[in-house]
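# Tertiary structure, described
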Amino acid sequence: ASVAGTEFNIPLLEQTLEKQIGKNLLIQLVNSDLLLEQANESFSFFNLMVQEVTYSSLSVKKRVEIHLKIAVKLEEKPELNAEFIALHYMKAEIFEKALYYFDITGDNAAKVNNFEKAIEAYQKVLELLDKITKTKDLYRVEVDVMNKIGRILIVVGKYENAFKFYEKANDI
């Protein structure tokens, strides 16, 4: 549950772990003030420290394995939350899939004029591109993302910054 995040959904957790999670155990954790019950079979950690300590108690290998399982399950319904899928692929170190979903996150945010979130997502794409060997297609993605950031910066009136992104894109 701690790998899923601060809030988790029981059906997703059961599918990911491929085992049933006893409702009684969850109720005990709620009664012990470790979890809060939310709507739709969801729970959240009462305290972020509990989630962080639980998360860090798992081996890196186990965390990566669970992040990958969660990402794959979430990918079956990508309309739910591209950013959440991207985060899990990033933590599973599957960077190409993570950058794909961060790009979708940026596009979705830009469509509703949430330019700050769009730029943040596009910046993640650029960060991830620095972690992998770039193919011709990935260079195209990099140029495309830089142009998207440039367009947003034009819209918000940050012309100098936009010019820098267009210049970088042109250099590639």
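Attention in this report is confined to the structure presented alongside it.

### Notes on the overall build of the chain
Looking only at helices and strands, one finds 9 helices and 3 strands in the chain. Listing every helix and strand of the chain by position from the N terminus yields β-α-α-β-β-α-α-α-α-α-α-α. Buried residues in the chain amount to 36% of all 172 residues. Summarising the internal contacts of the chain: among those between residues at least 6 apart in sequence, 46% fall at separations of at least 24. Here the chain has roughly 10,500 Å² of accessible surface; of this, 52% comes from carbon and sulfur atoms.

### Some points on helix α6 (residues 95–111)
The terminal C-alpha atoms of α6 lie 24 Å apart, and with 17 residues this matches the ideal 24 Å at 1.5 Å per residue to within 8%. Elements that come into contact with the buried residues of α6 comprise α4 (60–75), α5 (82–91), α7 (115–129) and α8 (136–155). Following α6 by one or two positions, Asn113 has its phi on the positive side, about 60 degrees.

### A word on the nonpolar core
Core analysis: the biggest nonpolar cluster contains 42 residues, and Phe8, Ile70, Leu99, Leu126, Leu129 and Ile149 have the highest contact counts within it. Counting residues per element, the ones that place at least two in this core are α1 (10–17), β3 (42–45), α4, α5, α6, α7, α8 and α9 (159–171). Looking at which element gives the most residues to this core, the answer is α7, with 8 residues. Once you skip the residues sitting within four places of it in the chain, Phe8 turns out to touch Ala1, Leu13, Leu35, Glu41, Ser42, Phe43 and Phe45.

### Description of the packing of α6 against α7
For the pair α6 and α7, interaxial distance at closest approach is 8 Å and the crossing angle is 160 degrees. By the angle class used here, α6 and α7 are roughly antiparallel. Judged by the twist between their axes, the crossing of α6 over α7 is left-handed. From α6, Phe95, Ala98, Leu99, Phe102, Asp103, Thr105, Gly106, Asp107, Ala109 and Ala110 reach across to α7, where they touch Phe115, Lys117, Ala118, Ala121, Tyr122, Lys124, Val125, Leu128 and Leu129. Of the residues belonging to the contact of α6 with α7, the class tally is 13 nonpolar, 2 polar and 4 charged.

### So, the packing of aromatic side chains
In the structure shown here, the tally under the stated rule is 4 aromatic pairs. Each ring, one from Tyr89 and one from Tyr101, has its centre 6.3 Å from the other, and the planes form 10 degrees; the classification is stacked. On the criterion of sequence distance, the pair formed by Tyr89 in helix α5 and Tyr101 in helix α6 is long-range, its members being 12 residues apart. Here Tyr89 matches Tyr101 in class, with each residue buried. Where Tyr100 meets Tyr101, the ring centres are 4.9 Å apart and the plane angle is 80 degrees; that geometry is what we call edge-to-face. By way of ring pairs, the aromatic residues Phe8, Phe43 and Phe45 are connected into one cluster. The aromatic ring of Phe165 is capped on one face by Lys168, whose charged end is 5.1 Å from the ring centroid.

### Quick notes on the sheet that holds β3
Strands sit in the order β1-β3-β2 across an open sheet of 3 strands; the sheet is antiparallel. Unpaired on one side and paired on the other, β1 (7–9) and β2 (35–37) mark the two borders of the sheet. Put simply, the sheet's adjacent strands are angled 30 degrees from each other on average, direction ignored. Note that β1 and β3 share 3 bridges and pair antiparallel. If you follow Phe8 over to β3, its bridge partner there is Phe43. This element, α1, spans β1 and β3 of the sheet and lies at about 70 degrees to β1.

Analysis parameters
Residues numbered from 1 in each chain as written. Predicted model: local features only at pLDDT ≥ 70, side-chain atom pairs only at ≥ 80, totals over all residues. Heavy atoms only, no water. Helix = DSSP H or I, 4+ residues; strand = E, 2+ residues; numbered from the N terminus. Buried < 20%, exposed > 50% of the residue type's maximum accessible area, 1.4 Å probe, protein only. Contact = heavy atoms within 4.5 Å. Areas by Shrake-Rupley, 256 points an atom, 1.4 Å probe, with all protein chains shown as cover. Expected span 1.5 Å × (residues − 1). Core = buried A, V, L, I, M, F, W, Y, C linked by side-chain atoms within 4.5 Å. Axes fitted to C-alpha atoms, helices over the stretch in contact; angles between N-to-C directions. Parallel < 35°, antiparallel > 145°, perpendicular 65-115°, else oblique. Left-handed = near helix turned anticlockwise from the far one by under 90°. Nonpolar A, V, L, I, M, F, W, Y, C, P; charged D, E, K, R; others polar. Phe/Tyr/Trp six-rings, centres within 6.5 Å; stacked < 30°, edge-to-face > 60°. Lys NZ or Arg CZ within 6 Å of the ring centre and 35° of its normal. Pairing = 2+ DSSP bridges.

This is a description of form; function is not addressed.
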